[in-house]
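# Examining the three-dimensional arrangement
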Amino acid sequence: MKRILSVAVAALAVTAQSVACTSIIVGKGASVDGSVMCTYSCDSYGTFHPMYHFPAAKHQKGEMRPIYDRDSREYHGEIPEAPVTYNVVGNMNEWQVTIGETTFGGRHELEDTTGIMNYGSLMNVALQRSKTAREAIEVMTTIAETYGYNSEGESFTICDPNEAWIMEMVGCGAGSKSVAWVAVRIPDNAISCHANHTRIRTFDQKDKKNVMFSKNCIKFAREKGWFNGKDADFSFSATYSPVDFGKLRYCEARVWSFFNHFADGFGKYLPYAMGEDPNAEPMPLWVVPNKKLGVKDVLNVLRDHYEGTPMALDADPGQGIYEAPYRPTPLSFEVDGKKYFNERPISTQQSAFVWIGQMRAWMPREVGGVLWFANDDSNMVPFTPVYCCNTDVPACYKEEGCDAVTFSMDNAFWVCNWVSNMVYPRYSMMMPTLAEVRDSLESDYLANQAKIEAEALAVHELSPVQAVANLTKYSNEKGAQMLTAWRNLATKLIVKYNDGLCKTEKDGKFLKKTGNFKTEFTRPGYGEKVKKYLVDQTGERYAIPSWDKSEH
């Protein structure tokens, strides 16, 4: 069994409900092709999320924009429209500005419940009004300070084809119409990650090129009595989101896992990431990787379950007899009055959607920005390309005809969840079949990317509008292809693994016996690791007596 730690009930209860999204950043000098890349895993328990599309538009003077809470869909109020708004697909706009987030919560008394803007509406409005990451930061902070910020503490990923930023923001209490925030640019040659805990500690307050922060960022903390040191020693993280066990083991551990894939010597941060010592050396905000990353590298790390680390989920009874790297929620549980916890890796079953934003400055924006998108757990689904200037998004990613409790065979969220939830209980048996289809589709999309984009660039020289139309058609076809493949996979899983058997295939077809009423099959049984564990735990209880010489 893993090390068991007892923690305060209140801290665990709060943290367990708030751990959600993971965001990864790759600077343009840290990628294999000069792309800026970032990710967003919307890990929201029980939530249905489509891919939104906001067409570019012009607005009349005096026109107002209604503001709805992203999660509850409740109407919060309205703000003046901008004269011009930009095309947005998902979380990327036509200028390749891309915004993701991860909630850190922080001091809950700071939420302005009277504010109009929540984290989701801030992201949507900024995407519609910004041509660069810096401009998006200005839009978000100005609007929040004008209309109030109706969310917990939030850490935003804000990128464009040239720059990548992390901005962290808290409200200043009910009715304040004010926020405290800091934004730090990630160096071009670096990678970064944030996962439900504040990552910005001290920052260079004189570096106007790479650091921005609100005038009240330090002053407000002093007024509240949370900080009384020198300005240069001010830590946004320590002040606005003091550490607890959950913020380390559930959150910073995910950041550690990402860094550990691409940076040397990260074993020294294990006492911090594992929550063994709250005073241990914290991880840096960013690191220079030991290799340059491509889209496939980022895809792989989004499927991480701490494999090969002390936090791996492959050596305790929680994996079940089919060795699943998943654990049930909530993240904490109690036995005989003592609190225990489950690991929380990057890949998690509660994901509503995941994406990788790829932004390229050397291409026309119509071609340069692509959102690799998927519904459901990143480990269980293929990512399909959707281009930033598309005039439509794949039908399977829309919300027409379904919602959080309404299933649809035409919707990727539901079909992908259908497949995933068949595989979770028999992971080691069924996952290879899923991975084969997933990897085949993704390999095709990645292999064809250069060809599709070369064709689009050639068309773009003559007609940017036609290039957008072609990329829209391509994106929608790939979404439809994925949905068809996943429907077929769902039925194949039922047939192939019915009653715990594994039907034999040859050349893509199941082998049948005479009369077609029986089929060839194998009986996989327990894996070797589970067999050994079972014997270790039960001793001779299930041993066949030595006097029995028959074959079984």
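Quick caveat: nothing in here was measured; it's all calculated off a predicted structure.

## Looking at the overall build of the protein chain
Looking only at helices and strands, the protein chain features 13 helices and 25 strands. Its C-alpha radius of gyration of 25 Å places the protein chain within 12% of the 24 Å reference for a compact globule of 552 residues. Across its three principal directions, the C-alpha atoms of the protein chain cover 85 × 60 × 45 Å. The buried share among the 552 residues of the protein chain stands at 55%.

## Considerations on the pattern of salt bridges
A complete count under the given rule lists 25 salt bridges for this structure. Of the charged contacts in the structure, one is a salt bridge between D316 and R327, with a shortest N-O distance of 3.2 Å. With D316 in the loop between helix 8 (295-302) and strand 17 (332-335) and R327 in the loop between helix 8 and strand 17, this pair connects stretches of sequence that are 11 residues apart. We classify R327 as buried; its relative accessible area is 9%. Put simply, R134, E163, R185 and D188 are held in one network by salt bridges that share partners.

## Focus: the nonpolar core
One recurring pattern in soluble globular proteins is that nonpolar side chains are buried together. I99, F156, I158, F258 and W486 are the most contacted members of the largest nonpolar core, which has 156 residues in total. Not counting residues within four places of it along the chain, the set of residues in contact with F156 comprises I99, G100, E101, Y119, M123, M140, Y149, W165, I166, M167, M169 and H194. Listed in part, the five residues of the second largest apolar core include Y250, C251, L331 and F341.

## A closer look at the pairing of strand 11 (residues 153-159)
The side chains of a regular strand alternate, residue by residue, between the two faces of the sheet. Summarising burial for strand 11: seven of the seven residues are buried, a large majority. Covered by surrounding structure in strand 11 are G153, S155, T157 and C159 together with E154, F156 and I158, the residues of both alternating faces. Examined bridge by bridge, strand 10 (residues 98-105) and strand 11 share seven bridges and lie antiparallel to one another. Across the sheet, residue G100 finds its bridge partner in strand 11, namely T157. Examined bridge by bridge, strand 11 and strand 12 (residues 164-171) share six bridges and lie antiparallel to one another. Bridge pairing in strand 12 places F156 opposite M167. Linking two consecutive strands that pair antiparallel, namely strand 11 and strand 12, is a turn of four residues.

## A look at the environment of W286
Along the chain, W286 falls in strand 16 (residues 286-287). Taking the C-alpha atoms as reference points, W286 and G77, 209 residues apart in sequence, are found 38 Å from one another. If near-sequence neighbours (up to four positions away) are discounted, W286 is found in contact with I186, P187, A190, I191, S192 and F259.

## Describing the packing of helix 11 (residues 427-462) against helix 12 (residues 464-496)
Remark: helix 11 packs on helix 12, axes separated minimally by 10 Å, with the N-to-C direction vectors making an angle of 170 degrees. As far as their axial angle goes, helix 12 and helix 11 are roughly antiparallel. Its residues assigned to classes, the contact of helix 11 with helix 12 shows 18 nonpolar, six polar and five charged.

Calculation notes
Residues numbered from 1 in each chain as written. Predicted model: local features only at pLDDT ≥ 70, side-chain atom pairs only at ≥ 80, totals over all residues. Heavy atoms only, no water. Helix = DSSP H or I, 4+ residues; strand = E, 2+ residues; numbered from the N terminus. Rg over C-alpha atoms; globule rule 2.2 N^0.38 Å. Buried < 20%, exposed > 50% of the residue type's maximum accessible area, 1.4 Å probe, protein only. Salt bridge = Lys/Arg side-chain N within 4 Å of Asp/Glu carboxyl O. Core = buried A, V, L, I, M, F, W, Y, C linked by side-chain atoms within 4.5 Å. Contact = heavy atoms within 4.5 Å. Pairing = 2+ DSSP bridges. Axes fitted to C-alpha atoms, helices over the stretch in contact; angles between N-to-C directions. Parallel < 35°, antiparallel > 145°, perpendicular 65-115°, else oblique. Nonpolar A, V, L, I, M, F, W, Y, C, P; charged D, E, K, R; others polar.

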